[in-house]
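# Topology and contacts: notes
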Amino acid sequence: MKTGCCLSEHQCKIGVLVSGRGTNLQSLIDASREGRMAAEVSVVVSNRANAPALDRAKKAGIPGFVVNAVKGETKEAFEKQIGEIFNRHGVNLVVLAGFMRIVSPWLISRFKNRIINIHPALLPSFPGLSAQKQALEYGVRLSGCTVHFVDEGCDTGPIILQTAVPVLDTDTVESLSERILKEEHKLLPKAVDLLAKNKVKVTGRRVEILP
Ligand code: GAR
């Protein structure tokens, strides 16, 4: 199966889910506008009203929305609001860029093989929160970042691209995070570009990048 986010006659429109500062969102906006990525950021949705990522969207003239998770409401009800926003903006690829919530099977089935996530470690090592801290505490000599499809697990979906970075003896969580983040900003637009160009083939867990 070939998994392009966008069949060739359609433009690739990304819906980006964020929770925080949005530097990865910025890398997508910049790559799109500089012609390095064959997709455009159509809409940004945050689960936090004060996320600086929303200011980045506003500055770029991209619609931004806040969808609050209401206590007692199901995850599906929360995600249906996100799904409606994505539908209205013609989204055909969803990117989790620092979105600190686990996506439910409802949204995953709605965008089958069209939701990707960037994670600051070489998966399957160090999934979940504080991946850079986990890597430092474990004592690995290499860490990095991973772009992967989102499935029902926590950072468990098929891996699309990875970049390794060294872990130095002198590293703190901050210095390692910064080194990894620089690579995230290259890796995420690259993965989106490949998907937009239908160059990603998924077979079970295996992902092949087509020439
Ligand atoms: C990034 O390092 C991203 O990999 C990480 O959050 C940061 C968001 O930064 N995501 C996760 O840890 C998801 N498990 P940003 O808001 O500046 O893009």
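Structure: above.
Given the structure is predicted, the values throughout are model-derived calculations rather than measurements.

This part takes up the overall build of the protein. Across its full length, the protein carries six helices and nine strands. For the protein, whose C-alpha radius of gyration is 16 Å, the value lies close to the compact-globule estimate of 17 Å for 211 residues. Seen along its three principal axes, the alpha-carbon backbone of the protein occupies a region of about 50 × 45 × 35 Å. When burial is assessed residue by residue, the protein has 48% of its 211 residues classed as buried.

Buried within helix 5 (residues 131-138) we find Ala131, Gln132 and Ala135. All buried residues of helix 5 lie within an arc of 100° about the axis, which places them on one face of the element. Buried residues belonging to helix 5 abut strand 5 (115-119), strand 6 (142-149) and helix 6 (173-196). Gly139, located one to two residues past helix 5, shows a positive phi value of around 90°.

In the vicinity of the ligand, the contacting residues are Arg21, Gly22, Thr23, Asn24, Gly98, Met100, Ile118, His119, Pro120, Gly128, Leu181 and Glu184. Here an oxygen atom of the ligand and a side-chain polar atom of Arg21 are 2.6 Å apart. Within the side chain of His119, an N or O atom sits 3.4 Å from a nitrogen atom of the ligand. Compared with its free state, where it exposes 450 Å², the ligand has 91% of that area covered by protein. The cavity where the ligand resides is the largest pocket. Every element with two or more residues in the shell around the ligand is listed here: helix 1 (23-33), strand 5 and helix 6. Of the residues that constitute the shell around the ligand, the class distribution is four nonpolar, six polar and two charged.

Rules and cut-offs
Residues numbered from 1 in each chain as written. Predicted model: local features only at pLDDT ≥ 70, side-chain atom pairs only at ≥ 80, totals over all residues. Heavy atoms only, no water. Helix = DSSP H or I, 4+ residues; strand = E, 2+ residues; numbered from the N terminus. Rg over C-alpha atoms; globule rule 2.2 N^0.38 Å. Buried < 20%, exposed > 50% of the residue type's maximum accessible area, 1.4 Å probe, protein only. Arc of directions from axis to C-beta. Contact = heavy atoms within 4.5 Å. Near = heavy atom within 4 Å. Polar contact = N/O pair within 3.5 Å; in protein donor to acceptor, adjacent residues only side chain to side chain. Areas by Shrake-Rupley, 256 points an atom, 1.4 Å probe, with all protein chains shown as cover. 1 Å grid on protein atoms, 1.4 Å probe; cavity = no way out; pocket = protein on both sides within 12 Å on 5 of 7 lines; lining within 4 Å. Sits in = over half its atoms within 2 Å of the grid points. Nonpolar A, V, L, I, M, F, W, Y, C, P; charged D, E, K, R; others polar.

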